[in-house]
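# Chains, contacts and geometry: an overview
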Amino acid sequence: MWYHKPAINEDLLQSLPNLKVVASSGVGIDHLDLKLLFSYGVKVSNTPFIVSTDTADMGMALLLASSRRLVEGHEMAVSPDTEYFPADWLGVEVSGATLGILGMGTIGYKVAERAKAFEMKILYHNRNQRKKEEESAVGAVYCKKIDDLLQQSDFVLLAVNLTPQTHKLIGKRELDLMKPTATLINISRGLVVDQDALVEALQNKVIKAAALDVTYPEPLPRDHPLLKLKNVIITPHIGSATKKTRWVMMEEMAESIEAGLAGLPIPREVL
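Residues numbered from 1 in each chain as written. Predicted model: local features only at pLDDT ≥ 70, side-chain atom pairs only at ≥ 80, totals over all residues. Heavy atoms only, no water.

Turning our attention to the packing of aromatic side chains. Aromatic ring pairs are defined here through the distance separating the ring centres and the angle between the ring planes. Scanning the entire structure with this criterion turns up one aromatic pair. Residues Tyr124 and Tyr142 carry aromatic rings whose centres are separated by 5.2 Å and whose planes lie at 55° to one another, so their mutual orientation is tilted. One end of the pair, Tyr124, is in strand S4 (residues 121–125); the other, Tyr142, is in strand S5 (residues 140–142), with 18 residues separating them in the sequence. Look at Tyr124 and you get buried, because its relative accessible area is 0%. You can call Tyr142 partly exposed: its relative accessible area is 22%. (Phe/Tyr/Trp six-rings, centres within 6.5 Å; stacked < 30°, edge-to-face > 60°. Helix = DSSP H or I, 4+ residues; strand = E, 2+ residues; numbered from the N terminus. Buried < 20%, exposed > 50% of the residue type's maximum accessible area, 1.4 Å probe, protein only.)

A few words now on the UniProt feature "domain: D-isomer specific 2-hydroxyacid dehydrogenase NAD-binding" (unreviewed entry) in the protein chain. Feature annotation in UniProt places "domain: D-isomer specific 2-hydroxyacid dehydrogenase NAD-binding" (unreviewed entry) on residues 60–239, given in this structure's numbering. For residues 60–239, the end-to-end C-alpha separation is 11 Å, with 32% helix and 16% strand making up the annotated structure. (UniProt positions renumbered as here; feature names shortened; annotations may be inferred.)

Looking now at the pairing of strand S3 (residues 98–102). The buried fraction of S3 amounts to five of the five residues, a majority that puts the element mostly inside the structure. Here S3 shows two buried faces, one formed by Thr98, Gly100 and Leu102 and the other by Leu99 and Ile101. Here S3 runs beside S4; their pairing, made up of five bridges, is parallel. Directly across from Leu102, in S4, lies its bridge partner His125. You can see the chain leave S3, run along helix H5 (residues 106–117) and come back into S4, and the turn it takes is right-handed. In terms of strand pairing, S3 meets strand S6 (residues 155–158) through four bridges, oriented parallel. By the bridge assignment for S6, Leu99 is matched with Phe155. (Pairing = 2+ DSSP bridges. Right-handed = clockwise from strand over helix to strand, strands pointing away.)

Attention now moves to the pattern of salt bridges. For the structure shown, the criterion picks out 12 salt bridges. Glu252 is the salt-bridge partner of Arg268, the closest N and O atoms lying 3.5 Å from each other. Here the residue Arg268 occupies a position in the loop between helix H10 (243–261) and strand S10 (269–270), and Glu252 occupies one in helix H10, the gap between them amounting to 16 residues. Within this structure, Asp147, Arg173 and Glu174 form a network of salt bridges that share partners. (Salt bridge = Lys/Arg side-chain N within 4 Å of Asp/Glu carboxyl O.)

Turning our eyes to something else, we now look at H10. Given a rise of 1.5 Å per residue, 19 residues ought to cover 27 Å, and the 27 Å separating the end C-alpha atoms of H10 matches this to within 8%. Listing the buried residues of H10 in full gives Thr245, Arg246, Val248, Met249, Glu252, Met253, Ser256, Ala259 and Gly260. The arc that holds every buried residue of H10, seen down its axis, measures 160°, which confines them to one face. Those residues of H10 that are exposed and angled more than 90 degrees off the buried face are Lys243, Lys244, Trp247, Glu258 and Leu261. Of the surrounding elements, those touching the buried residues of H10 are strand S1 (21–23), strand S2 (43–45) and helix H3 (52–67). Phi turns positive, to about 75°, at Gly263, one or two residues after H10. (Expected span 1.5 Å × (residues − 1). Arc of directions from axis to C-beta. Contact = heavy atoms within 4.5 Å.)

Looking now at the UniProt feature "domain: D-isomer specific 2-hydroxyacid dehydrogenase catalytic" (unreviewed entry) in the protein chain. The UniProt feature table records "domain: D-isomer specific 2-hydroxyacid dehydrogenase catalytic" (unreviewed entry) at residues 2–270. Taken end to end, residues 2–270 is 36% helix and 13% strand, and its two terminal C-alpha atoms sit 16 Å from one another.

Read from one edge of the open sheet, three strands run S1-S2-S10, paired in mixed fashion. Each edge of the open sheet carries a strand with a single partner, namely S1 and S10. Both S1 and S2 contribute to a ladder of three bridges, which runs parallel. Counterpart to Val21 in the pairing with S2 is Lys43. Seen against the sheet, H10 touches S1 and S2 and runs at an angle of roughly 175° to S1. (Axes fitted to C-alpha atoms, helices over the stretch in contact; angles between N-to-C directions.)

Next up on the list: the domain arrangement of the protein chain. Parsing the protein chain into structural domains produces domain 1 (10–49 + 241–262) and domain 2 (51–80 + 90–234). When each unit is reduced to the centre of its C-alpha atoms, the spacing between domain 1 and domain 2 is 29 Å. Between domain 1 and domain 2, the residue contacts involve 10 residues of the former and five residues of the latter. Here domain 1 packs against domain 2, burying approximately 680 Å² in sum over the two surfaces, 48% of which is carbon and sulfur. Taken as a group, Val27, Asp30 and Phe49 account for 56% of the area that domain 1 buries against domain 2, more than any other trio of residues on that side. Across the pair Asp30 and Arg189 runs a salt bridge, and its minimum N-O distance is 3.2 Å. Counting the contacts that link domain 1 with domain 2 gives five residue pairs in polar contact (both at pLDDT 80 or more). For the side of domain 1 that touches domain 2, the per-class residue count stands at four nonpolar, five polar and one charged. (Domains from an automatic or database assignment. Buried area = accessible area lost by both parts, 1.4 Å probe. Polar contact = N/O pair within 3.5 Å; in protein donor to acceptor, adjacent residues only side chain to side chain. Nonpolar A, V, L, I, M, F, W, Y, C, P; charged D, E, K, R; others polar.)

Shown next, in the form of structure tokens:
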């Protein structure tokens, strides 16, 4: 499966009685009905680890682009109508700012490593607290309650898996808790955020900005209000989109398929 295609449903499974393995690209498996697949005796694999470094890079890229208003700046610089650059056209500081990371798995931790190099203060919320030595290595402080992180952070970055528990994790209540100067960054899944609530928050200046590599659906309808807001950056779900990573993802998927067909243990099997 590449970009969640083809759709794995009962009709497809019934039409493929010899199917043994579904190898899915990327880390997310929210598009798969695992219970249905397992009931047909089909094994599932994904590529969870190879995407982490590039996706963390993407998180920092969105943070920097949003804080320094790079997209707006580019448009101003190349516009045929630009006669001068206004002196009061300003971004916000990254160094010394507080980054709140929701989801401190492999990707979230790599984001923290990068943010430390930018001299950011790091808060995080996770199902399980990291080991003390891991926290110390990046200078991260654990927030047991998500509300504490939201209220203190200048940037809130989402790096959680999409599950029933994280579906619309960020809604109106959570956005209202954030600083009016804060930016929301999403590198996880679009459905982790209530988009209607986000549009309202951005339009009413409840929060300052958003930088999104993921939305729902993808792509958004061309008349969607998020596409019309100046304080939003949207990229086309390219967190893992580098040549090397995509090549290795393909290799890992092929390895899983070959192992499954040979009756051998499947690398990176989803259990």
